[in-house]
Structure formats: structure tokens, C-alpha cells
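Given next are the chains, with one letter for each unit.
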Amino acid sequence: MYVPFENLPEDSRIWIYQSNRKFSDAEFAEIENSLQSFLEQWAAHGTSLESSYLLKYNRFIIIAVNQEVQAATGCSIDASVEFIQALEQKYTVDLLDKMNVTFKLGEHIAHKTLIDFKKMVKDKAVTENTVVFNNLVNTIEEFNESWEVPAIDSWHSRFF
């Protein structure tokens, strides 16, 4: 069951999928419609999941579940991954590779492989103050507090 993102409690579980390229506005509108349909029918063991989504920067898909109502289970999580894989195929993007880093360069959102990001650190093209997207956050509260942070305040700090 879809609910507005802002209506979910802060301890709701989230999954963040980052695209290796920017989606067009038209693609993001289609993705939004697909997400809404998917979440309307998303269930765990036959019980509807109180869930929502956010789309950010034409690059990020964030799916959230209120685990107090009904916890996402292995099968329901598998269904969400299959949904994301279908988006990957439809739009020829990579949404599941966790070995990539997305960060801000001024107003621009950059996406690099981990190897390229490490090289940028070495070359001082990015610094400890570069804003990175910490996609390892697990709850809405963590998302609000620690998703967009200086690299030094995230798992990326090990590269400096």
C-alpha cells in the first residue's frame, strides 16, 4: 500500500538505488508511475506493505517500508529487486552496482567507479569536504541525517 513518503516513521527501512546516468524528466515520470503501481500491490506473505518512494536528482530511487506495520521479507525484497532489474533493462542503466560512487561537484552530480573515485582523491580532484551520497543508510532517519554528507563523515573517509 502506497503512502506519502513524509507519512512514514523515521525508523522505516529504506533501499537506495543510484543510476550510472541521469534519467530524463520523461523517464523519471515513467519510473514514478511504475513505482506507484508496484508499491500499491507490494506485499509480504499476503499482507500489504506500507511503503513509499522518493526520486532524487534524476539519479536516485529510494524505496521505503514501514516495518512497524509489516516487515519486508525475503520474498518481498526479492520482488523489489526484480522490479529494479526490470527498470535497469528498460532504461539501459545500472542501478544495483554498489561499487560506484556518486558525489557532488558544485551543482553537478558525478558518478564514478570506486577505482576512479580513489584516483580522484589521490589527484586531489575531490576532497574530504566533497559531498558524497552515502547509500549505505538503512532508515529514513539515517537518510535525512547522513545521506548527503562530506566524504570525511561517510564510509568514503577511508580514501583520504
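Use the structure listed above.
What counts, and where the lines are drawn
Sequence positions are assigned chain by chain, starting from 1 and proceeding in written order. At least 70 in pLDDT is required for a residue's local features to be given in this predicted model, at least 80 for side-chain atom pairs to be given and counted, and no such filter applies to totals for whole chains, interfaces and linings, which use all residues. Working from all heavy atoms in the structure, the side-chain values ignore hydrogens and water. For the purposes of this entry, the term helix denotes a DSSP run of H or I that reaches at least four residues, the term strand denotes a run of E that reaches at least two, and both are numbered from the N terminus. Only protein chains enter the accessibility calculation, which uses a 1.4 Å probe; a residue is then buried when its area is under 20% of its type maximum, exposed when over 50%, and partly exposed in between. Working rule for contacts: check all heavy atoms of both residues, and any pair within 4.5 Å makes them a contact. Counted as positive: Lys and Arg. Counted as negative: Asp and Glu, with His and the chain ends omitted from the count. Whenever Lys or Arg places a side-chain nitrogen within 4 Å of a carboxyl oxygen from Asp or Glu, that contact is recorded as a salt bridge. We call two N or O atoms a polar contact when they sit within 3.5 Å, provided that within protein one can donate a hydrogen and the other can accept it, with sequence-adjacent residues counted only if both atoms are side-chain atoms.

Details of the environment of K112
Its location among the elements puts K112 in strand β7 (residues 108–113). For K112, a relative accessible area of 32% gives the class partly exposed. In the structure, K112 is positioned 19 residues away from V93 in sequence and 14 Å away in space, judged by C-alpha atoms. The residues touching K112, leaving out its near neighbours within four places in the chain, are N100, V101, F103, F117 and M120.

Structural notes on the side chain of E88
Relative to the helices and strands, E88 is located in helix α2 (residues 74–91). Although E88 is buried, it makes no salt bridge; K98 carries the closest opposite charge, 9.2 Å away. Within the structure, the side chain of E88 is placed 2.7 Å from the backbone nitrogen of L95, a separation counted as a polar contact. Beyond its immediate stretch of four places on either side in the chain, E88 contacts V93, D94, L95 and L96.

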